[in-house]
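Chain by chain, the residues run as shown.
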Amino acid sequence: MRVVFAGTPEVAVPSLDAIAASRHELVGVVTRPDAAQGRSKRLVPSPVAQRAEELGVPVLKPEHPREPEFQAELKALEPDCCPVVAYGAMLPQSALDIPRHGWVNLHFSLLPAYRGAAPVQRAVWAGEEISGATTFRIVKAMDAGPVFGTMTQALAPEETSGSLFEKLTEGGARLLVSTLDGIEDGSLEAREQPTEGVTYADKITVEDAQIDWTQNAVAIDRQIRACTPAPGAWTLLDGERFKVGPVTMAEEAVTPGELVVRKNEVLVGTGTTAVRLGRVKAFGKKEMPAADWARGVRLESGVTFE
């Protein structure tokens, strides 16, 4: 089939590469406009745009896919199908109607669970043992279209959102290509999602990522892993914000938020047993092991995270 791929962040690049290497003809890429980055606010193309340019594929960057100029350009490419991975904009019906096989989305959850913006982070935060990815035909309702296929992925006890994304993007890329194959040869039929089991995965904000040390250790562990690498779980010490990497469980009971500083470890109290800090990043500084950070700032036991 002639396909136009839509995606924006780094997690979409493996699917773009898989489609480019498939039997289908990649005739164009749709991505979000260049975004300002850094203190200089220099405009930088999305990871998908950069990869598409390396592949020599035409790139469309509409401010919004409802623009008539964009839709005219898309029609001119004559796509049979438009595979999508984390594009980042709602598609109007006029755009959905352009490819004869519609737009097929790769979503990183086992639908109908975790519809929405942050399915991977929310699955880790909830302590799920199994996650996965789903391909479905896009309809106007969010992540509610009929399903073509799924893949499942077990979560390791130390799984972070970052490590789970790596697994799902690679497996999901294969799923997306096999879905396109099945659509082309007629062996796949999309089936409506069940009405039961629908949950939503709202975006995790910076405010959501602040650690409440009065929570139990398991809840704190899940929160930190869910926020790793982004937006980054954080806490305050003397009014200064520190990002905190994944923790491990300790047996000791320590007052919530209180630090116990030792030669090779730093413990923090929670609402249950303490946790052992993994890595710490102060604002504007490099991330480092918690024990090195404590030595560097001459931290002593008894101080408390706010």
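Preceding this paragraph is the structure being described.
Residues numbered from 1 in each chain as written. Predicted model: local features only at pLDDT ≥ 70, side-chain atom pairs only at ≥ 80, totals over all residues. Heavy atoms only, no water.

A. The sheet that holds strand β11 (residues 240-244), seen in detail. Spatial strand order, β10-β11-β16-β17: 4 strands in an open sheet with antiparallel pairing. Single-partner strands in this sheet number two, and they are β10 (234-237) and β17 (288-289). Where strand β16 (residues 279-282) lies against β17, 2 bridges are found, and the strand directions are antiparallel. Bridge pairing links Val280 to Met288 in β17. (Pairing = 2+ DSSP bridges. Helix = DSSP H or I, 4+ residues; strand = E, 2+ residues; numbered from the N terminus.)

B. Layout of the sheet that holds strand β6 (residues 82-85). Sheet architecture is open: 7 strands sit in the order β5-β2-β1-β6-β7-β8-β9, paired in mixed fashion. Because the sheet does not close on itself, it has two edges, and the strands there are β5 (59-60) and β9 (147-154). Looking at chain direction, strand β1 (residues 2-7) and β6 are connected through 2 bridges and run parallel. Of the residues in β6, the one forming a bridge with Ala6 is Val84. Sheet strands touched by helix α6 (residues 161-185): β1, β6, β7 (103-107), β8 (130-137) and β9. Its angle to β9, the strand with the most contacts, is close to 155 degrees. (Contact = heavy atoms within 4.5 Å. Axes fitted to C-alpha atoms, helices over the stretch in contact; angles between N-to-C directions.)

C. Structural context of the packing of aromatic side chains. Under the definition given, this model contains 4 aromatic pairs. The interplanar angle of 85 degrees and the centroid separation of 5.8 Å between the aromatic rings of Phe108 and Phe165 together place this pair among those described as edge-to-face. With a gap of 57 residues between them, Phe108 in the loop between β7 and α5 (119-125) and Phe165 in helix α6 connect regions that are remote in the sequence. Of the residues examined, Phe108 reaches a relative accessible area of 6% and is grouped as buried. A ring pair is formed by Trp213 and Phe305, whose centres lie 5.6 Å apart and whose planes are at 20 degrees; its orientation type is stacked. (Phe/Tyr/Trp six-rings, centres within 6.5 Å; stacked < 30°, edge-to-face > 60°. Buried < 20%, exposed > 50% of the residue type's maximum accessible area, 1.4 Å probe, protein only.)

D. Region of interest: the environment of Pro14. Relative to the helices and strands, Pro14 resides in helix α1 (residues 13-20). Judged by its relative accessible area of 18%, Pro14 is buried. For Pro14 and Thr169, which are 155 residues apart along the polypeptide, the C-alpha to C-alpha distance reads 6.4 Å. The contacts of Pro14, once residues within four sequence positions are left out, are Thr169, Glu170 and Ala173.

E. A look at the pattern of salt bridges. Counted by the stated rule, this structure contains 16 salt bridges. The closest approach of N and O atoms between Arg51 and Asp17, which form a salt bridge, is 2.7 Å. One end of the pair, Arg51, is in helix α2 (residues 47-55); the other, Asp17, is in helix α1, and 34 residues separate them in sequence. Ionic pairing is found between Glu252 and Arg262, a salt bridge with its closest N-O pair at 2.8 Å. Of this pair, Glu252 sits in the loop between β12 (248-249) and β13 (259-261) while Arg262 sits in the loop between β13 and β14 (266-268), and the two are 10 residues apart along the sequence. For Glu252, a relative accessible area of 32% puts it in the partly exposed group. (Salt bridge = Lys/Arg side-chain N within 4 Å of Asp/Glu carboxyl O.)

F. Structural view of the packing of α1 against α2. Running from N to C, α1 and α2 point in directions that differ by 25 degrees, and their axes come no closer than 9 Å. Regarding the angle of α1 to α2, the classification is roughly parallel. As for how α1 packs across α2, the hand of that crossing is right-handed. Residues Val13, Leu16, Asp17 and Ala20 of α1 form the contact with α2, whose participating residues are Pro47, Val48, Arg51, Ala52 and Leu55. Residues belonging to the contact of α1 with α2 are distributed by class as follows: 7 nonpolar, no polar and 2 charged. (Parallel < 35°, antiparallel > 145°, perpendicular 65-115°, else oblique. Left-handed = near helix turned anticlockwise from the far one by under 90°. Nonpolar A, V, L, I, M, F, W, Y, C, P; charged D, E, K, R; others polar.)

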